[in-house]
Amino acid sequence: MAKITRPQRAKPAPVRSPLKKAAPKAAPKSAPKAASKRSAKKAPTAKPKSPARSVKKALSAARPWTPAEIREAFSRFAQANPEPKGELEHLNPYTLLVAVVLSAQATDAGVNKATRPLFAVADTPQKMIALGEDKLRDTIKTVGLYRTKARNVIALSQKLISEFGGEVPRTRAELESLPGAGRKTANVVLNMAFGEHTMAVDTHVFRVGNRTGLAPGKTPLEVELGLEKVIPAEFMLHAHHWLILHGRYTCLARKPRCELCLIKDLCRWPEKTA
């Protein structure tokens, strides 16, 4: 009898449970620390105002000088020193021009020490050229920037001979055209050699004009024009020297000697020491 085989039933496929959503990854341990560091930082505080800014602000808000106060200030300067003199030693307009060119970024005393032997042998453009740049350089080597200055003195001497007949010109534009001579140099020469009412602004005059509030300005030219505008004409011939000497010996840069100042009651500086 044949064996009967029955077909096997297919086993039902196993039912898979739905995939579980992946749990969100935990933040790295370092993150909370970083966050805590950020939160721990303090908000930036405003920087305190510098003393220099405070002084400038006080000066800008100060009452301008009145014409009567300006006249009083220069009357005091005139009474104390009726005939002020420049401290650069010279023999004539040419040696004055050379001395002023050499005085850039140098002291008057240092320039005088170098020019005494120089002017003894070269007090005209012709003699300076005959001396030559090498010997000139050796003579003034104690003065700052002496190489450039020696080159400029020879060049301006040549230009004086070729274009001005060996004479120092008497206009600002012509003086400024000379090598090594700028506006301040021109103003000094015009004032001291030719009696012009010019105002040469060096570091001392610039400081006095701003610190006192007499003629504040951001540039030497602004201070120059401001002083020329307010100083009475009768004082302009010597005003340049009075202000230079005041800045050099009384209104010092670091420790002004307010106790000796002739105009301390008029000065607008908020940090006067007396």
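Note that this is a predicted model, so its numbers are computed, not measured.

(A) The nonpolar core, seen in detail. Core analysis: the biggest nonpolar cluster contains 34 residues, and Tyr-94, Leu-97, Met-128, Leu-136, Ile-140 and Leu-178 have the highest contact counts within it. Secondary structure elements with two or more residues in this core: α4 (93-102), α5 (108-121), α8 (146-164) and α10 (183-194). Here this core takes eight residues from α4, the largest share from any one element. If sequence neighbours within four positions are ignored, Leu-178 has contacts with Leu-97, Leu-156, Lys-159, Leu-160, Phe-164 and Pro-169. Core analysis: the next-biggest nonpolar cluster, separate from the first, contains 24 residues, Met-236, Ala-239, Trp-242 and Ile-263 among them.

(B) Looking closely at the side chain of Thr-185. If you trace the backbone, Thr-185 turns up in helix α10. Taking relative accessible area as the criterion, Thr-185 reaches 7% and is therefore assigned buried.

(C) Layout of the packing of α10 against helix α13 (residues 236-249). Orientation of α10 relative to α13, taken along the N-to-C sense of each, is 120°, at an axis distance of 10 Å. As the angle between them shows, α10 and α13 are arranged oblique. Crossing angle aside, the handedness with which α10 passes α13 is left-handed. Contacts from Val-188, Asn-191 and Met-192 in α10 reach Met-236, Leu-237, His-240 and His-241 in α13. Classifying every residue of the contact of α10 with α13 gives four nonpolar, three polar and no charged.

(D) Seen up close, the pattern of salt bridges. Taken as a whole and assessed by the stated rule, the structure comprises 12 salt bridges. A salt bridge links Arg-268 to Glu-69; the nearest nitrogen and oxygen atoms lie 2.7 Å apart. Of the two residues, Arg-268 sits in the segment after α13 while Glu-69 sits in helix α3 (residues 67-80), which places them 199 residues apart along the sequence. One salt bridge in this structure joins Glu-133 and Arg-137, with 3.7 Å as the shortest N-O distance. Of the two residues, Glu-133 and Arg-137 both sit in helix α7 (residues 133-139), four residues apart, roughly one turn of that helix. A cluster of three or more residues bridged by salt bridges with shared partners is formed by Arg-63, Glu-69 and Arg-268.

Each value, and the rule that gives it
- Residues numbered from 1 in each chain as written.
- Predicted model: local features only at pLDDT ≥ 70, side-chain atom pairs only at ≥ 80, totals over all residues.
- Heavy atoms only, no water.
- Core = buried A, V, L, I, M, F, W, Y, C linked by side-chain atoms within 4.5 Å.
- Buried < 20%, exposed > 50% of the residue type's maximum accessible area, 1.4 Å probe, protein only.
- Helix = DSSP H or I, 4+ residues; strand = E, 2+ residues; numbered from the N terminus.
- Contact = heavy atoms within 4.5 Å.
- Axes fitted to C-alpha atoms, helices over the stretch in contact; angles between N-to-C directions.
- Parallel < 35°, antiparallel > 145°, perpendicular 65-115°, else oblique.
- Left-handed = near helix turned anticlockwise from the far one by under 90°.
- Nonpolar A, V, L, I, M, F, W, Y, C, P; charged D, E, K, R; others polar.
- Salt bridge = Lys/Arg side-chain N within 4 Å of Asp/Glu carboxyl O.

Any functional reading would require information beyond the geometric quantities listed.
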